[in-house]
Every structure is written in structure tokens, then in C-alpha cells.
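Listed below are the residues making up each chain.
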Amino acid sequence: MLLKADFVRDWTAELRRIMEIEWAMDLSQIPPKDFLALFFHAGKRRIEPRPRVVKVSASFVCPPNHASGWATLQTKIETGLDLSPHLSLQIEKVMGKDPLLFDWGVYHLHLGQAVHPKNGSFIERTGPVVFGYPTIDAFHAIGIYEHGSWSDSSIIETLHSNWPELTSHAKLEGVLSLAQNFTDEDRKNLRKAGINLITALSDGTFLAPLGGGYAGNGVSIEGVISSDKELDKIQGLQDQLYALAHLIEEALKAEGYDGKQEVIARLNFTRDKVWISFEGFTATLTVD
């Protein structure tokens, strides 16, 4: 049996479709060698739609003039709606940077309710924005800050003091002190320069970047690592396919396969399912 497959090509085509169609991104200037890492870089800047319990910090206060917008956003979070319209306009840019997210793992969401006047995919922008840390089943609302307060140290202090379990994975053991204590303005400028910093908290805790950090060009380090891991999985899946070639041949013979012709396997995707199909045949393999 001559079985041929190129699952990396099939996978890359699906990622490209997501970026161009679902995420409205222009990929015309993206070098092929950078594509996979940038997909995961872009994906990290979005929040997976799923129902989450909203938890608010002890210091959370919503300005009265934005109470309605916050109530609407809470409902969307709790019901699992797509929160992308509330995120930064930069999420439509492949190379969009988000130092607040990549450093502290914190997203900012706008509280508008009307449609953005220039981009119907988003809601109107607001000066105050919600800073939050989403997990699989909860959205931890840290506070409402003015747009641009990305390096305000009270953000990470509040996250840590209210939910220390969320920062525990980034805690650095054995660090007694730092050679220099950075101000919020220092952090802002060093982030712009692409420099990752250890965060020193007021209780003596030292944290590595909760958001995984970023490379000098602003690309998420987690994005690069994730792309490498997923690429290995896809290549491993193709290897498994070839190892099952004799069983596949028997299944296709039930549909009239003569054992001589070339069979092309394709990796297929929907939002909830991945499966392998064989051109010219109805037999499929489900991928768990």
C-alpha cells in the first residue's frame, strides 16, 4: 500500500484559515518560517470562549457610569460568549504586542456596549478598562484601571494578594533581593525594550513572568514553545498513521481498494473534531 500524507501542510492550512477568516488578519507579509509561532502568539492574545465564574478582588470598584457595561461584560463571561469584541484592537494584528499580558498574564477588556464606529468586530472603546486573569473555569477581575496603566504594580500585587494560587507557578525560590528595585515607569520602559523582568512583590515574593515572557521583538515566548510542541504532535500523528498502514489497507479493501493505487490521507478539522480521511474513500479515523 502506498500511503501518502502531509499533516503539517493540512494543519498549517487550517491555522491560516483561522487567522485570515476568523481573526481577520493580513498574512501577506508573514514569512512562512515564522507562521506557526505567530499563530500561537496571536492566539494567546485572545480568550477562549467558555463559561467562567466571575470572581472579583477585595479592592474591585466599578465607576457608576460604567456599571452597565461591566454588568454586560460579566454576563458574557458567565455564559461563555466570545470576549474578543472587548479586547484590544491589536488582536487583529499578527505581530500585535501586549506586554501586560506577556509579563503578568493579565488581559484588559473594554466596557463599551455600542459597536465600535470604525470596526464592527469590536465594541466602543472606554477609558477605564477591566484588568482580569482568566483560567479554565473562572475570570478573576483584578480591578478597573485607566487605559494605558499597563505597568501599575498594584495590578500584580492585587492578583497575588487575592489569589496567591494563581501566581504560585511563577514564584522564584531562593531569591533574596534584586540588585535594583524597578519603578512602574522603569518597567514600562524596559518592556518597550523587550526586556523581561523579575517582579518583586511587597510581601517578599519574587515572580518570573506569569504570562511566559516575550522575545526582543515582542513575540510571546509561550507562543514559540507551544508551536514547537504542537508541531511535534502533528508529526507524531503522521508517524502513527504510517504504522497503521496495514490496518488502513484492510479497511479500504472493504470499499474496493485493490492494494496498488496511491492513497492520500488528509487531516481534517472542525471546531470540536479532528479526523483523518482518505481521498476517494469514506473510511475515516477519529483523532482523540
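> Would you mind going over a nonpolar patch on the surface in detail, with residue names and values included?
A contiguous nonpolar patch, built from Leu244, Leu247 and Leu285 and spanning about 240 Å² of accessible area, is present on the exposed surface. Classification of Leu247 by relative accessible area gives exposed; the value is 51%.

> I'd like a rundown of helix H8 (residues 221–243), residues and numbers included.
For H8, spanning 23 residues, the distance from its first C-alpha to its last is 34 Å, which sits close to the expected 33 Å at 1.5 Å a residue. Among all positions of H8, only Gly223, Ser227, Ile234, Leu237, Gln238 and Leu241 are buried. Near the N-terminus of H8, the side chain that reaches the backbone nitrogen of Glu222, with its oxygen 3.3 Å away, is that of Ser220.

> Give a description of the pattern of salt bridges that names residues and reports values.
Counting across every chain of the model gives 16 salt bridges. The residue Glu22 makes a salt bridge to Arg271 at a minimum N-O spacing of 3.4 Å. One end of the pair, Glu22, is in helix H1 (residues 7–22); the other, Arg271, is in the loop between strand S8 (262–269) and strand S9 (274–278), and 249 residues separate them in sequence. For the salt bridge of Lys253 with Glu250, the shortest nitrogen-to-oxygen distance reads 3.8 Å.

> Could you give an account of unusual backbone geometry, naming the residues involved and the relevant values?
With phi around 55 degrees, Ala24 is a residue other than glycine that occupies positive phi space. Along the chain, Ala24 turns up in the loop between H1 and helix H2 (35–44).

> Can you explain the packing of aromatic side chains? Please cite residues and give values.
For any pair of aromatic rings, geometry is given as the distance between the ring centres together with the angle between the planes. Overall, the coordinates contain seven aromatic pairs when judged by the stated rule. Ring centres 5.1 Å apart and planes at 85 degrees place the aromatic pair Phe39 and Phe40 in the edge-to-face group. Residue Phe39 is classed as buried on the basis of its relative accessible area of 10%. With centroids separated by 5.8 Å and ring planes inclined at 25 degrees, the aromatic side chains of Phe131 and Trp150 adopt a geometry described as stacked. Taken together, the residues Phe131 in strand S4 (residues 128–134) and Trp150 in the loop between strand S5 (138–146) and helix H5 (153–162) connect sequence positions 19 residues apart.

> Could you give me a rundown of the side chain of His66, with the residues and numbers involved?
With respect to the helices, strands and loops of the structure, His66 is situated in the loop between strand S2 (53–56) and helix H3 (67–79). On the basis of relative accessibility, which here comes to 14%, the residue His66 falls in the buried class.

> How would you sum up the sheet that holds S4? Please name residues and give values.
What holds strands together in a sheet is hydrogen bonding between their backbones, with the strands either parallel or antiparallel. Overall, mixed pairing links the four strands, which are arranged S2-S5-S4-S3 in an open sheet. The open sheet terminates on both sides in strands that have one partner only, identified here as S2 and strand S3 (107–110). Across this sheet, the average inter-strand angle for adjacent strands is 40 degrees, counted without regard to direction. Judged from the seven bridges that link them, S4 and S5 form a sheet pairing that is antiparallel.

> Mind laying out the side chain of Glu14, listing which residues take part and the relevant values?
With respect to the secondary-structure elements, Glu14 resides in helix H1. Take Glu14: its relative accessible area is 15%, and that puts it in the buried class. There is a polar contact of 3.0 Å between the side chain of Glu14 and the side chain of Arg17.

> For the nonpolar core, give the residues involved together with the corresponding values.
If you look at the biggest cluster of nonpolar residues, it comprises 33 residues, and the most contacted ones within it are Leu3, Phe7, Met19, Leu241, Leu252, Ala265 and Phe278. Looking at this core, the elements with two or more residues in it are strand S1 (2–5), H1, H2, H8, helix H9 (245–253), S8 and S9. The element contributing the most residues to this core is H2, with six residues. Apart from the residues within four sequence positions on either side, Phe7 is in contact with Ile234, Leu237, Gln238, Leu241, Ala265, Arg266, Leu267 and Ile276. Membership of the second largest hydrophobic core comes to 21 residues, among which are Ile47, Val54, Cys62 and Leu101.

> Break down the pairing of S1 for me, with residues and values.
Residue alternation in S1 divides its side chains into a buried set, Leu3 and Ala5, and an unburied set, Leu2 and Lys4. Sheet analysis places S1 next to S8, joined by four bridges and oriented parallel. Each residue of the ladder has a partner; that of Leu2, found in S8, is Glu262.

> Mind laying out the sheet that holds S1, listing which residues take part and the relevant values?
Ordered by their spatial adjacency, four strands build an open sheet running S1-S8-S9-S10, and the pairing between neighbours is mixed. Looking at strand neighbours, the two that pair on one side only are S1 and strand S10 (284–287), the edges of this open sheet. When strand polarity is set aside, the average angle formed by the axes of neighbouring strands in this sheet is 25 degrees. Pairing geometry for S8 and S9, over five bridges, is antiparallel. Opposite Asn268, over in S9, you have Trp275 as the bridge partner. Across the sheet, H1 is in contact with S1, S8 and S9; its angle to S8 comes to roughly 30 degrees.

Thresholds, definitions, all that
- Residues numbered from 1 in each chain as written.
- Predicted model: local features only at pLDDT ≥ 70, side-chain atom pairs only at ≥ 80, totals over all residues.
- Heavy atoms only, no water.
- Patch = residues over 30% accessible without salt bridge, like charges linked within 9 Å, V, L, I, M, F, W, Y side chains within 5 Å.
- Areas by Shrake-Rupley, 256 points an atom, 1.4 Å probe, with all protein chains shown as cover.
- Salt bridge = Lys/Arg side-chain N within 4 Å of Asp/Glu carboxyl O.
- Buried < 20%, exposed > 50% of the residue type's maximum accessible area, 1.4 Å probe, protein only.
- Helix = DSSP H or I, 4+ residues; strand = E, 2+ residues; numbered from the N terminus.
- Expected span 1.5 Å × (residues − 1).
- Polar contact = N/O pair within 3.5 Å; in protein donor to acceptor, adjacent residues only side chain to side chain.
- Phe/Tyr/Trp six-rings, centres within 6.5 Å; stacked < 30°, edge-to-face > 60°.
- Pairing = 2+ DSSP bridges.
- Axes fitted to C-alpha atoms, helices over the stretch in contact; angles between N-to-C directions.
- Core = buried A, V, L, I, M, F, W, Y, C linked by side-chain atoms within 4.5 Å.
- Contact = heavy atoms within 4.5 Å.

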